[in-house]
Amino acid sequence: MVKTILQIGRFEASSKICNVCGYKKDDLTLDVREWECPDCKTLHDRDLNASINIKKIALNKLSTAGTAGRACGLTDVCQREEARSCSVLS
Ligand SMILES: [Zn+2]
């Protein structure tokens, strides 16, 4: 049985990135639970938007990581910031 673990770094600004158009809202603060994307006008629930982004990032990294990469795919970033949180793809 092949088990795949998808994991991305905590430093990803997943709650600040519009999952529709990719706009990054840098001024989003922690107390904001809902926000409207100034670019595509989508109303986001902070946590829902973040979870969609995390899934998209993980799947995207997996598809581009190849068979020998780390499960999270963020090899270059992981080595720099979160090496210990990554799992080798098996
Ligand atoms: Zn947007």
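It should be noted that the structure appears before, not after, this text.
Here's what I pulled together on the structure shown here. (Residues numbered from 1 in each chain as written. Predicted model: local features only at pLDDT ≥ 70, side-chain atom pairs only at ≥ 80, totals over all residues. Heavy atoms only, no water.)

## Comments concerning the overall build of the protein
Convention followed: To qualify as a helix, a DSSP run of H or I must reach at least 4 residues; to qualify as a strand, a run of E must reach at least 2; elements of each kind are numbered from the N terminus. Relative accessibility thresholds used throughout: buried, under 20% of the residue-type maximum; exposed, over 50%; partly exposed, between the two (1.4 Å probe, protein chains only). Contacts are assigned to residue pairs that have any heavy atoms within 4.5 Å of one another.
If you tally the helices and strands in the protein, you get two helices and two strands. Secondary structure elements of the protein occur, N-terminal to C-terminal, as β-β-α-α. Within the span of the protein, comprising 90 residues, buried residues form 29% of the whole. Taking the contacts inside the protein whose residues are at least 6 apart along the sequence as the reference set, 43% of them involve residues at least 24 apart.

## Some details on the pattern of salt bridges
Quick reminder of the rule: The salt bridge criterion pairs a side-chain nitrogen of Lys or Arg with a carboxyl oxygen of Asp or Glu, the two atoms within 4 Å.
For the structure on display, the rule yields three salt bridges. Across the salt bridge formed by Lys24 and Asp26, the nearest N and O atoms sit 3.7 Å from each other. Relative accessible area serves as the criterion here: at 41%, Lys24 is assigned to the partly exposed category. One salt bridge in this structure joins Lys25 and Asp27, with 3.2 Å as the shortest N-O distance. Exposure remark for Lys25: the relative accessible area of 19% places this residue in the buried category.

## Digging into unusual backbone geometry
One non-glycine residue with positive phi stands out, namely Lys41, at about 65 degrees. Tracing the sequence through the fold places Lys41 in the loop between strand E1 (34–36) and strand E2 (43–45). Residue classification places Lys41 among the exposed residues on the basis of a relative accessible area of 53%.

## A look at the coordination of the zinc ion
Geometrically, a metal with four donors at the corners of a regular tetrahedron has ideal angles of 109.5 degrees, and one with six donors at the corners of a regular octahedron has ideal angles of 90 or 180 degrees. Our working definition: Because water is not among the atoms used, a metal site may look incomplete, as its donors are only the N, O and S atoms within 2.8 Å, or 3.2 Å for Na, K and Ca. Square planar and octahedral sites, with four and six donors, are those where opposite donors lie more than 155 degrees apart and all other angles lie between 65 and 115, tetrahedral sites have four donors with every angle between 85 and 135 degrees, and the rest are irregular.
In this structure, Cys18 (SG), Cys21 (SG), Cys37 (SG) and Cys40 (SG) serve as the protein donors to the zinc ion, at separations of 2.3 Å. Given four donor atoms and angles of 105 to 116 degrees at the metal, the environment of the zinc ion is assigned as tetrahedral. Written as a sequence motif, the donor arrangement for the zinc ion is C-x2-C-x15-C-x2-C. Taken together, the residues Cys21 in the segment before E1 and Cys37 in the loop between E1 and E2 connect sequence positions 16 residues apart. With a relative accessible area of 38%, Cys21 lands in the partly exposed category.

## Description of the environment of Ile17
Turning to its location among the elements, Ile17 is positioned in the segment before E1. Sequence separation between Ile17 and Asn53 is 36 residues; the distance between their C-alpha atoms is 7.4 Å. Ignoring sequence-local partners within four residues, the contact set of Ile17 consists of Gly22, Tyr23, Lys24, Trp35, Asn49 and Asn53.

## Details of the side chain of His44
Topologically, His44 is positioned in strand E2. Exposure remark for His44: the relative accessible area of 4% places this residue in the buried category. Contact partners of His44, with chain neighbours within four places excluded, come to Cys18, Asn19, Val20, Arg33, Glu34, Trp35, Cys37 and Asn49.

## Some details on the side chain of Asn53
Let me state the cut-off plainly: The definition of a polar contact used here is a pair of N or O atoms within 3.5 Å, where within protein one atom must be able to donate a hydrogen and the other to accept one, and adjacent residues in sequence count solely through side-chain atom pairs.
Note on placement: Asn53 falls in helix H1 (residues 46–65). Within polar-contact distance, the side chain of Asn53 engages the backbone oxygen of Ser14 at 2.7 Å.

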